[in-house]
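Coordinates in review
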Amino acid sequence: MRPVASADGEAILVLDSVTKRFNDFTAVDRLNLVVRAGRVFGLLGPNGAGKTTTIRMIVNITVPDEGTILFRGQRMGLRLQNRLGYLPEERGLYKKMRVGEQLRFLGELKGMERKEAERAADAWLERLNLAEWKERKTDELSKGMQQKVQFIATIMHEPELIILDEVFAGLDPVNAELLKEIILEFKGKGRAIIFSTHLLEQAEWLCDDICLINRARKVLDGELREIKRAFRRNAVALRAEGAERVLDDAELVARVARRNEHLEVVLQEGASPQELLRRLVQSGAVVTKFEQIEPSLREIFISKVSEP
Amino acid sequence: MSKIWIIARREYFERVRNKMFIIMTLIGPALLVLSGLLPALLFRLDAGGAKRIRIFDETGRLYERVRDALESDRKGDGREAHARESIGRYDVSPVGGKGRSLEDVRRELAESVRRGEIDFYVILPRDVIAGARAEVYGRNPSDLFTVDDIEAAINDAVIEARMREAQIDPSRIASLSERVRLNVVRVSEQGEEKISGAGFFVAFIVGFLIYMTIILHGQAVLSSVVEEKNSRVIEVLLSSARAFDLMMGKLVGISLVALTQYAVWGVAAVLFWIYGLAALAASGINLALPSISPLVLLYFLCFFLVGFFIYATLYALAGAATTTTQEGGQLAMPVIFLLVIGFYLVFPVMRSPNSTFATVISLVPFFTPVIMPVRLVTEAPPVWETLLSLALSVVTAIGLVWIAARVYRVGILMYGKRATIPEIWRWIRQP
């Protein structure tokens, strides 16, 4: 079951008006989204927004009440499960099972041959510095190590679509970086990755496209860079010596706020950052930092959610 | 299909390599025998020394016989084994009552019982041979064994005295009242065969094995399901395989574990049969081998498997609907109840194995695995009935696995609370 080669940007997964209800409670409400090959798709939102329910429908644990989920143009179903890799939010491993056997078992469940699964498990354990833990029982491992084992179980069968729910939870920065590297490798190989988290800072780190959901509904989606551009404010982070004269120009600068490391300069309407930079250089100020301020996803999310 | 196999293999090897399983398999038969014998042994165990008994014999003719009976192992028919154990258990002495009133004797003996000098005293009134009651007094009359032994000893002595009065030789009576023994022969399609009750015995063992297996391994099914839910492995599993395959694989794996255990025990039993029986025969004890046709044994295996599947699935269902093993255990109580009912139904079925009643209940899937083996070794039912009951059970088992799989799949969405029956029903009907 080798993954089918796919052109970057090709739609791997399409959710069309997907709805899921539990009794009277609507967990996911008419959700549309498209996940593309060779890109990391951020499924974002606060706890309880409906992320996990959405993912469970994608991996075919539950089925939508309404709407359709298409994987490479086919309706999601049992036949397609082998082509997905799913890392659930909470670690799901057999505590008393040895690490090596656990991975072989989970690999076989994804349709790998026994030998093939063993080889893949060994290679990945080596790569993630867990080789010497192979014969140990899973509950002897630290939480971070278990998370890495779970990660291996998710990707060892080379899935076309990888779904990671809070993958960095409990990992130290070094291991988080290691996993990020591997995720980007898979992205480079043209796989699609769904990255779900409630920590929006993490998403900025990794995602190409995002979908923000809140209370079962999509709030915002699109390419992360585009979204940021659309929400950009006319402000600059500035650190400079001898800039006071320029900043006093009321036609150019609306106001200046002092931040920890820099000044936040909000420009007048119609004035551009280029104009400010040119004036600063002309005036002989020594500029050590000049950066157009982009709103964080957190700010965007809060402003979208608090919209009337 | 292949995923069922992968899951069954994991379940099997994880369990078979478990230390507890290995230990239980090795010492299991010993424990089983011990648990069977222990209550009897404990009951017979007498912590004290010999019982001191004083006997006041007004007739003057019975004392010696009673003493001999209590102190030696010479006893009447069928009581040898019992008596052999009582050697040295009784210390009997007479009460000289010459010239004293019965009341005085009584008072004196009661006093020595109170002081702890003796344990029991016995009054044999003058007209006891004519039918009056003998009297036994003691600090602890609930020591049934002693009272029993005293009664038997007096009984033998009195009967013998009556016979002598009637001029009958007691040894002649013994030979004249020898019991008749029966040869019981079963007539069936296969011809005639002598039965020794071993068939019942085997059927009972099959029923008992199903019962034991369900108690031991059914619980394992339940806790395994609960563990997968609690550790969230189930999310990974359900994103890789059908819930039905997961359930089926689990049950196949665990039933193979049970069969492995019985295979080990079976080999031990066969070895015992071959070597142990010869040794027993050499020391004068002959055990009859139950004669059962291979076909019936095959049926036994089928009923055993299907029975285990039905009940284990009910356990799985209980596990899938709850979040802790304890709650699951409570929910599984009716399962045991169902099984016990089946077990009690064995007795009326044994008496008339081909009655309408027996036929009907042996077709009820929950009772089939226990009842059908009994019918097979008693009065063989028609083949179509055997096969029909087997088919009904298989269908029931598969249906139950299907239902349990549904509940299992929906149950993961539920944290920390037990599902109500209507909820479970809704899950089953959900697509």
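What counts and what doesn't
Residues numbered from 1 in each chain as written. Chains lettered and ligands numbered in written order. Predicted model: local features only at pLDDT ≥ 70, side-chain atom pairs only at ≥ 80, totals over all residues. Heavy atoms only, no water. Helix = DSSP H or I, 4+ residues; strand = E, 2+ residues; numbered from the N terminus. Buried < 20%, exposed > 50% of the residue type's maximum accessible area, 1.4 Å probe, protein only. Contact = heavy atoms within 4.5 Å. Areas by Shrake-Rupley, 256 points an atom, 1.4 Å probe, with all protein chains shown as cover. Lys, Arg positive; Asp, Glu negative; His and termini not counted. Charge placed at Lys NZ, Arg CZ, Asp CG, Glu CD. Pairing = 2+ DSSP bridges. Axes fitted to C-alpha atoms, helices over the stretch in contact; angles between N-to-C directions. pLDDT = per-residue confidence, 0-100. Salt bridge = Lys/Arg side-chain N within 4 Å of Asp/Glu carboxyl O. Phe/Tyr/Trp six-rings, centres within 6.5 Å; stacked < 30°, edge-to-face > 60°. Lys NZ or Arg CZ within 6 Å of the ring centre and 35° of its normal. Expected span 1.5 Å × (residues − 1). Polar contact = N/O pair within 3.5 Å; in protein donor to acceptor, adjacent residues only side chain to side chain. Parallel < 35°, antiparallel > 145°, perpendicular 65-115°, else oblique. Left-handed = near helix turned anticlockwise from the far one by under 90°. Nonpolar A, V, L, I, M, F, W, Y, C, P; charged D, E, K, R; others polar. Core = buried A, V, L, I, M, F, W, Y, C linked by side-chain atoms within 4.5 Å.

**Here's the deal with the overall build of chain B**
Scanning chain B for helices and strands turns up 17 helices and six strands. By residue count, 42% of the 431 residues in chain B fall in the buried class. Within chain B, contacts between residues at least 6 apart in sequence are counted, and of these 73% link residues at least 24 apart. On chain B, roughly 23300 Å² of surface is accessible, and the fraction owed to carbon and sulfur atoms is 65%.

**Side note on the overall build of chain A**
Across its full length, chain A carries 10 helices and 14 strands. Dimensions of chain A, computed from C-alpha atoms along their principal axes, come out at roughly 75 × 45 × 35 Å. Considering only residue pairs separated by 6 or more positions, chain A has 69% of its internal contacts joining residues 24 or more positions apart. With an accessible surface of roughly 14700 Å², chain A has 47% of that area assigned to carbon and sulfur atoms. Put simply, chain A has 49 plus and 48 minus side-chain charges, and the middle of one group is 3 Å from the middle of the other.

**Some details on the sheet that holds strand 11 (residues 235-241) of chain A**
Residue and element names in this part refer to chain A. A sheet is described by the order of its strands in space; here four strands give the open sequence 12-13-11-14, paired in antiparallel fashion. Of all the strands in the sheet, the pair left with one neighbour each is strand 12 (253-258) and strand 14 (286-292). Strand-to-strand twist of the sheet, defined as the mean angle between neighbouring strand axes without regard to direction, takes the value 25°. Relative to strand 13 (residues 263-267), strand 11 runs antiparallel, the two sharing four bridges. Bridging across to strand 13, L238 finds its partner in L263. Packed on one face of the sheet, helix 9 (residues 273-282) meets strand 11, strand 12, strand 13 and strand 14 and runs near 180° to strand 14.

**Digging into the confidence of the model for chain A**
Looking at chain A, pLDDT values average 89 and 97% of them are 70 or higher. Note on residues 1-5 of chain A: pLDDT under 50 across the span, and 12 contacts to partners over four residues away in sequence or across chains.

**A look at the pattern of salt bridges**
Applying the stated criterion across every chain, the model contains 54 salt bridges over all chains. A salt bridge links D208 of chain A to K187 of chain A; the nearest nitrogen and oxygen atoms lie 3.1 Å apart. Of this pair, D208 of chain A sits in the loop between helix 6 (200-206) and strand 9 (209-214) while K187 of chain A sits in helix 5 (residues 173-188), and the two are 21 residues apart along the sequence. E201 of chain A is the salt-bridge partner of R298 of chain A, the closest N and O atoms lying 2.8 Å from each other. Pair noted here: R298 of chain A is in helix 10 (residues 297-305) and E201 of chain A is in helix 6, with a separation of 97 residues, a long-range link. Judged by its relative accessible area of 45%, R298 of chain A falls in the partly exposed class. Among the charged side chains, a salt-bridge network with shared partners connects R10, E11, R15, E228 and K250 of chain B.

**Remarks on the packing of aromatic side chains**
Enumeration according to the criterion identifies 10 aromatic pairs over all chains in this entry. Seen from the ring of F186 of chain A, K189 of chain A lies directly overhead, with NZ or CZ sitting 4.3 Å from the centre.

**Re helix 5 of chain A**
All names here are of chain A. Its 16 residues place the ends of helix 5 22 Å apart at the C-alpha level, agreeing with the 22 Å of an ideal helix rising 1.5 Å per residue. For helix 5, the complete set of buried residues consists of N175, A176, L178, L179, K180, I182, I183 and F186. Close packing links the buried residues of helix 5 with strand 3 (40-44), helix 3 (114-127), helix 4 (143-155), strand 7 (161-165), strand 8 (192-197) and helix 6. Looking at where helix 5 begins, the residue whose side-chain oxygen comes 3.0 Å from the main-chain nitrogen of V174 is D172. Downstream of helix 5 by one or two residues, G190 has phi in the positive range, about 85°.

**Examining the packing of helix 15 (residues 368-377) of chain B against helix 16 (residues 383-411) of chain B**
Residue and element names in this part refer to chain B. Where helix 15 meets helix 16, the closest approach of the two axes is 11 Å, and the angle between their N-to-C directions is 165°. Classified by the angle between their axes, helix 15 and helix 16 sit roughly antiparallel to one another. Crossing hand, helix 15 versus helix 16: left-handed. Where helix 15 approaches helix 16, its residues T368, M372, R375 and L376 are matched on the opposing element by E385, T386, S389 and S393.

**Describing the environment of P29 of chain B**
Residues and elements named next belong to chain B. Its place among the elements puts P29 in helix 2 (residues 19-44). Here P29 falls in the partly exposed class, since its relative accessible area comes to 30%. On a C-alpha basis, the gap between P29 and A268 in space is 9.0 Å, while along the polypeptide they are 239 residues apart.

**A short note on the interface of chain B and chain A**
Size of an interface, as often reported, equals the accessible area lost when the parts are brought together. Between chain B and chain A, the residue contacts involve 26 residues of the former and 29 residues of the latter. The salt bridge involving E235 of chain B is made with R56 of chain A; its shortest N-O contact spans 2.7 Å. Summed over the shared surface of chain B and chain A, the result is 11 residue pairs in polar contact (both at pLDDT 80 or more). Among the elements of the structure, helix 1 (2-16), helix 8 (198-230) and helix 9 (233-238) of chain B are those that each provide at least two residues to the side of chain B that touches chain A. For the side of chain B that touches chain A, the element with the most residues is helix 1 of chain B, which contributes six residues.

**A look at the packing of helix 2 (residues 99-109) of chain A against helix 4 of chain A**
Residues and elements named next belong to chain A. For the pair helix 2 and helix 4, interaxial distance at closest approach is 9 Å and the crossing angle is 25°. When the interaxial angle is binned, helix 2 and helix 4 end up roughly parallel. Crossing hand, helix 2 versus helix 4: right-handed. Taking contact as the criterion, the partners of V99, L103 and L106 in helix 2 are, on helix 4, V149, I152 and A153. Among the residues forming the contact of helix 2 with helix 4, the class breakdown is six nonpolar, no polar and no charged.

**Some words on the sheet that holds strand 9 of chain A**
Sheet strands associate in pairs through backbone hydrogen bonding, adopting either a parallel or an antiparallel arrangement. Residues and elements named next belong to chain A. Pairing is mixed in the open sheet, where six strands are placed in the order 6-7-8-3-9-10. In this open sheet, the two edge strands, each paired with only one partner strand, are strand 6 (84-87) and strand 10 (217-223). Each neighbouring strand pair of the sheet contributes to a mean axis angle of 15°, computed without reference to strand direction. Examined bridge by bridge, strand 9 and strand 10 share six bridges and lie antiparallel to one another. When the sheet's bridge partners are listed, N214 is paired in strand 10 with R217. Against the sheet, helix 1 (residues 51-58) touches strand 3, strand 6, strand 7, strand 8 and strand 9, its axis set at about 155° to strand 7.

**Topic: the nonpolar core**
L13, F151 and L161 of chain A are the most contacted members of the largest nonpolar core, which has 150 residues in total. When residues in this core are grouped by element, the largest group, 16 residues, is from helix 11 (residues 294-320) of chain B. With sequence-adjacent residues up to four places away left out, F151 of chain A is seen in contact with L87, L128, L164, V167, L179, I182 and I183 of chain A. If you look at the next biggest cluster of nonpolar residues, it comprises 20 residues, including I53, Y63, A153 and A161 of chain B.

**Focus: the environment of G60 of chain B**
One can find G60 of chain B in the loop between strand 1 (51-57) and helix 3 (63-71). As a C-alpha pair, G60 of chain B and L124 of chain B span 64 residues in sequence and 9.2 Å in three-dimensional space.

**Focus on unusual backbone geometry**
Positioned with a positive phi, R30 of chain A is a non-glycine residue whose angle comes to about 45°. Here R30 of chain A is to be found in strand 2 (residues 25-36).

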